[in-house]
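# Structural characterization, general
Here are the chains, one letter per residue:
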Amino acid sequence: DTLRRLKQTRGGTNTQAAIYTANYELTRSRRAKNRKSHCKTMIVLTDGRSNNQAATIRSALRAKMAKVKIIAVGIGSRVNKVELNAMASAPKAKNTKNIKNFSGLNA
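Residues numbered from 1 in each chain as written. Predicted model: local features only at pLDDT ≥ 70, side-chain atom pairs only at ≥ 80, totals over all residues. Heavy atoms only, no water.

### Digging into the sheet that holds strand S1 (residues 41–46)
With parallel pairing, the 3 strands of this open sheet are ordered in space as S1-S2-S3. Bordering the open sheet on either side are S1 and strand S3 (96–99), each of which pairs with just one other strand. Between one strand axis and the next, the sheet turns by 15 degrees as a mean value, whatever way the strands run. (Pairing = 2+ DSSP bridges. Helix = DSSP H or I, 4+ residues; strand = E, 2+ residues; numbered from the N terminus. Axes fitted to C-alpha atoms, helices over the stretch in contact; angles between N-to-C directions.)

### Looking at the pairing of strand S2 (residues 69–75)
Counting buried positions over the 7 residues of S2 gives 6, a clear majority of the element. Pairing analysis gives 6 bridges linking S1 to S2, with the strands arranged parallel. Paired with Thr-41 across the bridge in S2 is Lys-69. With respect to chirality, the unit in which S1 leads through helix H4 (residues 53–65) into the neighbouring parallel S2 is right-handed. (Buried < 20%, exposed > 50% of the residue type's maximum accessible area, 1.4 Å probe, protein only. Right-handed = clockwise from strand over helix to strand, strands pointing away.)

### With respect to the side chain of Thr-56
Checked against the element boundaries, Thr-56 lands in helix H4. Each residue touching Thr-56, except ones within four places of it in the same chain, is listed here: Thr-15, Gln-16, Ile-19, Ser-50, Glu-83 and Met-87. (Contact = heavy atoms within 4.5 Å.)

### Comments concerning H4
Under the 1.5 Å per step criterion, the end-to-end length of H4 is 18 Å for 13 residues, consistent within 8% with the ideal 18 Å. By the burial criterion, the buried members of H4 are Ala-55, Thr-56, Ser-59, Ala-60 and Ala-63. Along the axis of H4, the buried positions cluster into a sector of 135 degrees, meaning they face one direction only. Between the side-chain oxygen of the N-cap and the backbone nitrogen of Ala-54 there are 3.3 Å, and the N-cap of H4 in question is Asn-52. (Expected span 1.5 Å × (residues − 1). Arc of directions from axis to C-beta. Polar contact = N/O pair within 3.5 Å; in protein donor to acceptor, adjacent residues only side chain to side chain.)

In structure tokens, the structure reads:
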């Protein structure tokens, strides 16, 4: 229900900052340190291109090096597939998804 109430925003896409923050919360925050055995999985949803592709890919690489699994979901037809694949953990075919629109998140 919480996801359904979120409003889609328009404008810049600071994917790098989102990945950095999620990586911090999953690996270095106080909560993460208290739950060392928890599963570290990040789901990145994007409907376009990040503001800085190189920084986004670096942030994703750092997260993966910290043993965070990244599932990258592209929404719509304007998704940068190179960036999406670079963000996703291996195997790429399993951890990269493309859907037509936000309604496809229900599936």
